[in-house]
Amino acid sequence: MATSQNKLAIDATFDIENKSINIEQSIEYFNASNVALDTIYLTDWSHSYSAKNTPLAEWFADEFKNTFHFAKEEDRGFTIINSIKQNNIETSFNRLENKPDIIKVVLNKPLLPKEIYTLKLNYIVQIPNDKFTRYGITNKGDYNLRYWYITPSVFDGEWHYFSNKNLDDAFIPKSDISLKINYPNNFTLISELDEESTENSNKNGTKSTVLKGNNRINSKLFLNKTNTYKTVETDFFTVESNIDQENLKPEEIAVITDKVAGFISNNLGDYPHKKVLLTKIDYKKSPIYGLNLLPDFVRPFSDTFQYELKILKTTLHNYLENTLLINPRKDQWVLDGIQTYYLIKYVEENYPDMKILGNLANIWGVRAFHASDLKFNDQYNFLYMHMARSNIDQPLDMAKDSLLKFNKNIANKYKAGVGLNYLDKYMDGNVMDVILTQFLKENKLKTTTANDFKTHIKEKTDKNIDWFFDDYVGSSKKIDFKIKKVKKTEDSLIITIKNKKDHLMPVSLFTVKNDSVLSKQWIEGFKGYKTITIVNNDADKLALNYDSTIPEMNLRNNWKSLGGFLSNNKPLQFRLFKDIEDPNYSQVFFIPEFAYNFYDGFSPGLKLYNKTLLSKNFLYRVSPKYGIKSKQLVGSASVSYVDRKEYSKNYYTKYGISGENFNYAPELSYTSYTPFIDFRFRDPNNLRDNRKSFLNFRYVNIDREVDPTGEFETDGEPKYSVFNARYGQSNPNLKNFTSWNTDLQLANNFGKLSATAEFRTLTQSNRQYNLRLFAGTFLYNQTFETTDFFSFALDRPTDYLFDYDYLGRSEEAGLLSQQLVVSEGGFKSQLEPAFANQWITTANGSTTIWRYIMAYGDLGLVKNHGTNPKFVYDSGIRLNLVEDYFELYLPIYSNLGWEIGQPNYDQSIRFIVTLSPKTLLKLFTRRWY
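Throughout what follows, the structure given in this document is the object of discussion.

Conventions we followed
Residues numbered from 1 in each chain as written. Predicted model: local features only at pLDDT ≥ 70, side-chain atom pairs only at ≥ 80, totals over all residues. Heavy atoms only, no water. Helix = DSSP H or I, 4+ residues; strand = E, 2+ residues; numbered from the N terminus. Rg over C-alpha atoms; globule rule 2.2 N^0.38 Å. Buried < 20%, exposed > 50% of the residue type's maximum accessible area, 1.4 Å probe, protein only. Contact = heavy atoms within 4.5 Å. Lys, Arg positive; Asp, Glu negative; His and termini not counted. Charge placed at Lys NZ, Arg CZ, Asp CG, Glu CD. Pairing = 2+ DSSP bridges. Axes fitted to C-alpha atoms, helices over the stretch in contact; angles between N-to-C directions. Parallel < 35°, antiparallel > 145°, perpendicular 65-115°, else oblique. Left-handed = near helix turned anticlockwise from the far one by under 90°. Nonpolar A, V, L, I, M, F, W, Y, C, P; charged D, E, K, R; others polar. Salt bridge = Lys/Arg side-chain N within 4 Å of Asp/Glu carboxyl O. Polar contact = N/O pair within 3.5 Å; in protein donor to acceptor, adjacent residues only side chain to side chain. Phe/Tyr/Trp six-rings, centres within 6.5 Å; stacked < 30°, edge-to-face > 60°. Lys NZ or Arg CZ within 6 Å of the ring centre and 35° of its normal. Arc of directions from axis to C-beta.

### Describing the overall build of the protein chain
Then comes step 1: A tally of regular secondary structure across the protein chain gives eleven helices and 50 strands.
Then comes step 2: Computed over the C-alpha atoms, the radius of gyration of the protein chain is 33 Å, within 12% of the 30 Å expected from 2.2 N^0.38 for a compact globule of 929 residues.
Then comes step 3: Per-residue burial for the protein chain yields a buried fraction of 54% across its 929 residues.
Then comes step 4: In the protein chain, 63% of the contacts between residues at least 6 apart in sequence involve partners at least 24 apart.
Then comes step 5: Averaging the positions of the 114 positive and the 111 negative side-chain charges in the protein chain gives two centres separated by 2 Å.

So this is what it looks like as structure tokens:
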């Protein structure tokens, strides 16, 4: 007689020498649907490491992680299936073409509704190195395993299967699991399952452990040579953990662990299993982001608080993952929301005065910052708002594998928790605790969905909360309310509120006197404007969202003083270093800043600006500096406004003007000012797609000093203006990079048009091919007889628009003259003709020799007035240390012959160097955004 419980029985023998596991497995799967099945699907995520083109490998490439692509073959994992049998008869099976870690099995006998199929599997798992996902074999030879054996896929009328993308989100049906693990005596086995028995074999130095657990979806397994796990028996469940204990004493660990276990059990209900397993891997994959990650010597929180939150967050994660059987690829926001909600609740109950800067908030100088005023729980709203202000936030109900890394790891988790808190306050507070506790108890170890969660919450309130699921969860609509105007009568206040966005989310209205709240009421969602009348209770200020419960884009327009027009003006506030925005002040920040070029020398100065830690639309910056070598005042300034459009392909439009003054030659300065408009485009429905395009218009005005002594000749006109229009597209990726752009320049004495295309491919054999094509022509040129200042350059552009970060832009000899900017012709050797005053076309290529050592070659045709086109070429070795940021080029052969044997060869070596911190930061942020 069929039972409704799935069963997995595994006999796994570890082959340490070959880094593999030999597995005999049986699967008993109950068809709970009303559909007969002749085909079933199995999940085999061990095989996701098998090649460089699996969905996992593509995921790594999209996030610019090269570890997997360049790994040795023996470091990758795979599964060899020897047989799959049903009733001792071989079945037909194959791996899906685009999902090789999913196995399609054709059953010998169809599985009818409410019946069970039994499969017998024999296979070998080759274990990957742990450097890819933290799971696998460590450098010390330890085994940290997750998703290491084959499991059934979920079928509930439709199949739910998907490939591994390092998201730790397999959707596995619960089963009664029995594991027999055979492994060497010198290893300690750690598992969240219950240990039934362990037998030692005296013959071959191995032992066998039997593990069992009912109603399980997880079976993480750890074989460690040194046991780093500590066990704490609490009044609620056993906690086994190897998370860093922050130098706390065992008795302190025990008290903290019991406190956390009690909080979770009281709020989420009893844990249905005996033991919770907490690992360093769990925490490292989802840490408490923020100041907690600082080194010990500047860590602002006590060891107790640090450890408490670490095990709280990790235990909440494991508890929910093991009890709330929900599709994490599809409905992850429910798990994230509940976890973050209880993180907020725990700190509110136990550390209500804890600041976001911790102990640093009390230090002289630091406490002057607005950031020192913020509570610890304000970080959740802040980090979500970081993405919302940048217009790259995503809906909570979007599939997990469609989210940007920052949204997946941080912003969406926090938005979900803040949203449940927002909903709780709207429902008059203290309701959400009861709702969540009841939902978790009713659905413990049951398959559930986000729709079930929605239905449950709606049943528990009389208020209309459709806005929460439609607008807050189901979209990335921003929240921004404004008090438009207030009219006072003798006993009433007539208030007009504007909803600046397109949604129906509610807003809270407060009356305040002497910073104390007199009243609070919720205003139901509306679009456009809404006018309400309230009692005039002698308040001196009206405020929307005064308690910052609502994650609002802009808090600066949320209040109105009732004391007269001038009282609404925000006082000016100067702050050293960038701060978190304080809506009560007009903030100006200043910070020491330094610059360097060969002519001004080291240039210290001061930057005054209004940019806060969160993006703002209107920005200004003034950066005066003093050139120690030139003994002149130099610097730059800019003012701009950004229009970020939601749900639009044109997601970013920036208007502004910038200017600068520096020396471009010994004791010769230049001044520029440039009004500009920048348009940026991308697919608003797929932010993970790296493809973007841009359209820029600017009008560059240059005024250069002329050397009155004539000792230094100034090429070209000292004053000129150039209209410049550029359009381009790019698709950066680790394995395939493409980019192209067109450039139009129009001035009084010349007009030119050029196009650049770049292609970069990383092959399966780890060979990289790079190709850059450039073509440029003058539309008209009245300067060719007197100067090459505006001509196309073969190897070193004159940079008459002052775009490039030259350390010594006018140097014709010495080290600084060897700085390379790959632009225009892109050649590395200094050949003649060095310029083209009519047209030029070049091709620059390179390919891998070994690792970062590459061979390069350039070909081109250079055409000048009155001469035939000249064919030019060069070749050599490229040391690609950090691509586009730090590279060396060693010429070997060119039109000049064998350069490597010529005198003063060291002067022919070219280098690319990037000193800009903002540019270097892109190396790291590109993985997150």
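### Overview of the sheet that holds strand β30 (residues 559–561)
Then comes step 1: Spatial ordering of the open sheet is given by β27-β26-β29-β30, a layout of four strands whose pairing is antiparallel. Each edge of the open sheet carries a strand with a single partner, namely β27 (516–523) and β30. Along the sheet, successive strands turn relative to each other by an average axial angle of 15 degrees, direction set aside.
Then comes step 2: Direction of pairing for strand β29 (residues 541–544) relative to β30: antiparallel, over a ladder of three bridges. Bridged to L542 within β30 is K560.

### What to know about the packing of helix α4 (residues 303–323) against helix α5 (residues 328–350)
Then comes step 1: As a packed pair, α4 and α5 sit with axes 10 Å apart at the nearest point and diverge in direction by 150 degrees. Classed by the angle they form, the pair α4 and α5 counts as roughly antiparallel. Crossing angle aside, the handedness with which α4 passes α5 is right-handed. The segment α4 lies against α5, with E308, L309, L312, K313, L316, H317 and L320 engaging L335, I338, Q339, Y342, L343, Y346 and V347.
Then comes step 2: Among the residues making up the contact of α4 with α5, the classes are represented as ten nonpolar, two polar and two charged.

### What to know about unusual backbone geometry
Backbone geometry follows two general trends: most residues other than glycine have a negative phi, and most peptide bonds adopt the trans configuration.
Then comes step 1: The omega angle of the peptide bond from E832 to P833 is 0 degrees, so this bond is cis rather than trans.
Then comes step 2: Relative to the elements of secondary structure, P833 occurs in the loop between β43 (792–793) and β44 (835–836).
Then comes step 3: Unlike most non-glycine residues, F64 shows phi in positive territory, near 60 degrees.
Then comes step 4: By the secondary structure assignment, F64 is in the loop between α1 (55–62) and β4 (78–86).
Then comes step 5: Residue classification places F64 among the buried positions, given a relative accessible area of 11%.
Then comes step 6: A positive phi angle, close to 80 degrees, is found at R134, a residue other than glycine.
Then comes step 7: On the secondary structure map, R134 appears in the loop between β8 (116–126) and β9 (136–137).
Then comes step 8: Accessibility expressed as a relative area gives 38% for R134, which makes it partly exposed.

### Here's the deal with the pattern of salt bridges
Then comes step 1: Considering all chains together, one arrives at 41 salt bridges under this definition.
Then comes step 2: The closest approach of N and O atoms between D393 and K478, which form a salt bridge, is 3.0 Å. Highlighted residues: D393 in the loop between α6 (378–389) and α7 (405–426) and K478 in the loop between α10 (466–473) and β24 (481–488), separated in sequence by 85 residues.
Then comes step 3: On the basis of relative accessibility, which here comes to 2%, the residue K478 falls in the buried class.
Then comes step 4: Taken together, the salt bridges that share partners define one network made up of R146, D168, K285 and E321.

### Quick notes on the environment of D600
Then comes step 1: In this fold, D600 is placed in the loop between β32 (586–597) and β33 (601–609).
Then comes step 2: A sequence separation of 26 residues divides D600 from Y626, and the C-alpha atoms of the two residues are 8.2 Å apart.
Then comes step 3: Looking at D600, its side chain comes within polar contact range of the side chain of N663, at 2.5 Å.

### Here we look at the packing of α6 against α7
Then comes step 1: Viewed as axis vectors pointing N to C, α6 and α7 meet at an angle of 125 degrees, and their least axial separation amounts to 8 Å. What the angle tells us is that α6 and α7 run oblique. Handedness of the α6/α7 crossing: left-handed. Between α6, through Q379, Y380, N381, L383, Y384, H386 and M387, and α7, the contact on the second element is made entirely by F406, N407, I410, A411, Y414, K415 and V418.
Then comes step 2: When grouped by side-chain class, the residues that make up the contact of α6 with α7 number nine nonpolar, four polar and one charged.

### Comments concerning the packing of aromatic side chains
Then comes step 1: In the structure shown here, the tally under the stated rule is 61 aromatic pairs.
Then comes step 2: Between the aromatic rings of F679 and F697, the centroid separation amounts to 6.5 Å while the plane-to-plane angle is 85 degrees, which identifies the pairing as edge-to-face. Linking F679 in strand β37 (residues 668–681) with F697 in strand β38 (residues 692–704), this pair joins segments that are 18 residues apart in sequence.
Then comes step 3: Judged by relative accessible area, F697 falls into the partly exposed class, the value being 31%.
Then comes step 4: By the ring-pair criterion, three or more aromatic residues cluster together here, those being W333, Y422, Y426, F439, F453, W467, F468, F469, Y472 and W522.
Then comes step 5: Between K415 and the ring centre of Y472, over which it is positioned, the NZ or CZ distance is 4.9 Å.
Then comes step 6: The lysine or arginine in question, R760, covers the ring of F737, its NZ or CZ lying 4.6 Å from the ring centre.

### Digging into the pairing of strand β34 (residues 618–627)
Then comes step 1: The pairing of β33 with β34 spans three bridges and is classified as antiparallel. From the neighbouring strand, Y609 faces β34, where its bridge partner is R621.
Then comes step 2: Sheet topology note: the β34/strand β35 (residues 632–643) ladder contains ten bridges and is antiparallel. Counted as the bridge partner of P624 is G635 from β35.
Then comes step 3: Hairpin geometry of β34 and β35 is characterised by an intervening segment of four residues between the two adjacent antiparallel strands and by a positive phi of about 55 degrees at K631.

### Observations regarding the sheet that holds strand β3 (residues 37–43)
Then comes step 1: A sheet is described by the order of its strands in space; here four strands give the open sequence β6-β7-β3-β11, paired in antiparallel fashion. Two strands lie at the open edges of the sheet, namely β6 (92–95) and β11 (151–152), each paired on one side alone.
Then comes step 2: In terms of strand pairing, β6 meets strand β7 (residues 102–111) through four bridges, oriented antiparallel. Looking at β7, one finds that S92 is bridged to V106.

### Quick word on helix α9 (residues 450–459)
Then comes step 1: For α9, the complete set of buried residues consists of A450, F453, H456 and I457. All buried residues of α9 project into a common sector of 120 degrees when viewed along the axis, lining one side. Of the residues in α9, the exposed ones pointing more than 90 degrees away from the buried face are N451 and E459.

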